[in-house]
Amino acid sequence: AQSVTQLDSQVPVFEEAPVELRCNYSSSVSVYLFWYVQYPNQGLQLLLKYLSGSTLVKSINGFEAEFNKSQTSFHLRKPSVHISDTAEYFCAVSSNRDDKIIFGKGTRLHILP
Amino acid sequence: IAGITQAPTSQILAAGRRMTLRCTQDMRHNAMYWYRQDLGLGLRLIHYSNTAGTTGKGEVPDGYSVSRANTDDFPLTLASAVPSQTSVYFCASSFGWDRPYNEQFFGPGTRLTVL
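The structure contained in this document is the topic of the report that follows. These numbers come from a predicted model, not from an experiment.

**Some remarks on the interface of chain B and chain A**
Thought 1: Listed as interface residues are 22 residues of chain B and, on the opposing side, 24 residues of chain A.
Thought 2: Of the roughly 1700 Å² buried between chain B and chain A on both sides combined, carbon and sulfur atoms contribute 58%.
Thought 3: Taken together, the connections running from chain B to chain A amount to 0 salt bridges.
Thought 4: On inspection of chain B and its partner chain A, the count reaches 2 residue pairs in polar contact (both at pLDDT 80 or more).
Thought 5: Those elements that place two or more of their residues in the side of chain B that touches chain A are β4 (31–38) and β5 (42–49) of chain B.

Shown next as structure tokens:
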């Protein structure tokens, strides 16, 4: 069985400061990893995904995540956050042996002025 | 229609009443899903459908039923609503169950309050 752990339920950070949202997973098979973002009063949308190949994946709005197989992690980072990044971020995992995606419980990113 | 639509946007319901949440997608996706989102619990899968005519149970199926008569629609029914079903409900779709790496597309959600 697969599972996802997001270690922080909330992360406050000052505007223009760097941020890291942590995600660890467990799985006995090869995995696909995702970060979804949910802006206030909206549905989830895909931010970035790791399928194979390069372990560093990037989004169009400056976020990046690195797949670390030995650490079973897929942490999300951004070097400088903006107020518009205020949202809840969900890490998720799936595999080629499962027809569903398993979501973590989410991390709320609070941007402080 | 573009993407996934859900109706109603919000609803207040008396306990014991029957309620159907509607979900429609126009992307010709094979797979569709219903989740509930509760504070501190994240997203939990209620039911899913790999293709029209088939459905399956997720993590929290009790008290809910679904049907998939065609590719586009995936309604979720609460036969007799209870206060613990107060939640935000999200419908999602993806290309297909045999391609799990494909992203899921989410609707805007339905906020349901059961009194």
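What follows continues from the structure just given.
**Description of the pattern of salt bridges**
Opposite charge on two side chains allows them to pair when their charged atoms are near.
Thought 1: Under the defined criterion, the tally for this structure stands at 7 salt bridges over all chains.
Thought 2: Across the salt bridge formed by A:Asp8 and A:Arg22, the nearest N and O atoms sit 3.0 Å from each other. In this pair, A:Asp8 is assigned in the loop between β1 (3–5) and β2 (10–14) and A:Arg22 in the loop between β3 (19–21) and β4 (24–26), connecting sequence segments 14 residues apart.
Thought 3: Accessibility expressed as a relative area gives 19% for A:Asp8, which makes it buried.
Thought 4: The class for A:Arg22 is partly exposed, based on a relative accessible area of 32%.
Thought 5: A salt bridge links A:Lys78 to A:Asp85; the shortest N-O distance between them is 2.8 Å.
Thought 6: Note on A:Lys78: relative accessible area 7%, which makes it buried.
Thought 7: A:Asp85 gets classed as buried once you look at its relative accessible area, which sits at 3%.
Thought 8: Connected through shared salt-bridge partners, B:Arg36, B:Asp38 and B:Arg44 make up one network.

Conventions used here
Residues numbered from 1 in each chain as written. Chains lettered and ligands numbered in written order. Predicted model: local features only at pLDDT ≥ 70, side-chain atom pairs only at ≥ 80, totals over all residues. Heavy atoms only, no water. Contact = heavy atoms within 4.5 Å. Buried area = accessible area lost by both parts, 1.4 Å probe. Salt bridge = Lys/Arg side-chain N within 4 Å of Asp/Glu carboxyl O. Polar contact = N/O pair within 3.5 Å; in protein donor to acceptor, adjacent residues only side chain to side chain. Helix = DSSP H or I, 4+ residues; strand = E, 2+ residues; numbered from the N terminus. Buried < 20%, exposed > 50% of the residue type's maximum accessible area, 1.4 Å probe, protein only.

All quantities given are derived from atomic positions and should not be read as evidence of function.
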